[in-house]
Amino acid sequence: HSDGDVIYHSVVDAILGALTMPDIGCLFPDNDPRLKGADSSIFMEEAYKRMTDRGYRLGNCDVTLICQKPRVNVDAVGGGLVKEKMVGNVAELLHTDVSMVNVKARTHEKVD
């Protein structure tokens, strides 16, 4: 229903889970017309706010992306690697240094 950024959604669920809160679908239901086409960064911002409001801070963030396509360890438009841009975006939304965020990508070798 939103832009469906799988990395942002996974990180949001990880933060909410660590806080023993409901998952992203409970907080941001996919049948809410206000969220149609929403930028997933708003979910990250809300998860970060809920984390800091409860006195917690990020230790680190490690994401494993499993997909055949698109490839993420490739050059991005404007320079750098797509993966590096993903790390930068997540770090910015979590108000942390890029050294605290890791994004790995792998495939299932076309097994499934």
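Look a little higher up for the structure.
A few points about the overall build of the chain
The helix and strand inventory of the chain stands at four helices and two strands. In the chain, the succession of helices and strands from N to C terminus is α-α-α-β-α-β. Against the compact-globule benchmark of 13 Å for 112 residues, the chain has a radius of gyration of 15 Å, which places it among compact chains. Seen along its three principal axes, the alpha-carbon backbone of the chain occupies a region of about 35 × 30 × 30 Å. The 112 residues of the chain split such that 30% are buried. When contacts within the chain are restricted to residue pairs at least 6 apart in sequence, long-range pairs at least 24 apart make up 65% of them.

A closer look at the side chain of Ser-40
Relative to the assigned elements, Ser-40 resides in the loop between helix H2 (24-27) and helix H3 (41-53). On the basis of relative accessibility, which here comes to 0%, the residue Ser-40 falls in the buried class. A distance of 3.5 Å separates a polar atom in the side chain of Ser-40 from the backbone nitrogen of Asp-5. Only 2.9 Å separates the side chain of Ser-40 from the side chain of His-9, close enough to count as a polar contact.

What to know about the packing of helix H1 (residues 6-18) against H3
Helix-helix packing: each pair is described by the crossing angle between the helix axes and the interaxial distance. The contact between H1 and H3 brings their axes to 9 Å, and the two run at 20 degrees. Relative to H3, H1 is oriented roughly parallel. The hand of the H1/H3 crossing is left-handed. For the pair H1 and H3, the contacting residues are Tyr-8, His-9, Val-11, Val-12, Ile-15 and Leu-16 in the first and Ser-41, Phe-43, Met-44, Ala-47, Arg-50 and Met-51 in the second. A breakdown of the residues in the contact of H1 with H3 according to their chemical character gives nine nonpolar, two polar and one charged.

What counts and how
Residues numbered from 1 in each chain as written. Predicted model: local features only at pLDDT ≥ 70, side-chain atom pairs only at ≥ 80, totals over all residues. Heavy atoms only, no water. Helix = DSSP H or I, 4+ residues; strand = E, 2+ residues; numbered from the N terminus. Rg over C-alpha atoms; globule rule 2.2 N^0.38 Å. Buried < 20%, exposed > 50% of the residue type's maximum accessible area, 1.4 Å probe, protein only. Contact = heavy atoms within 4.5 Å. Polar contact = N/O pair within 3.5 Å; in protein donor to acceptor, adjacent residues only side chain to side chain. Axes fitted to C-alpha atoms, helices over the stretch in contact; angles between N-to-C directions. Parallel < 35°, antiparallel > 145°, perpendicular 65-115°, else oblique. Left-handed = near helix turned anticlockwise from the far one by under 90°. Nonpolar A, V, L, I, M, F, W, Y, C, P; charged D, E, K, R; others polar.

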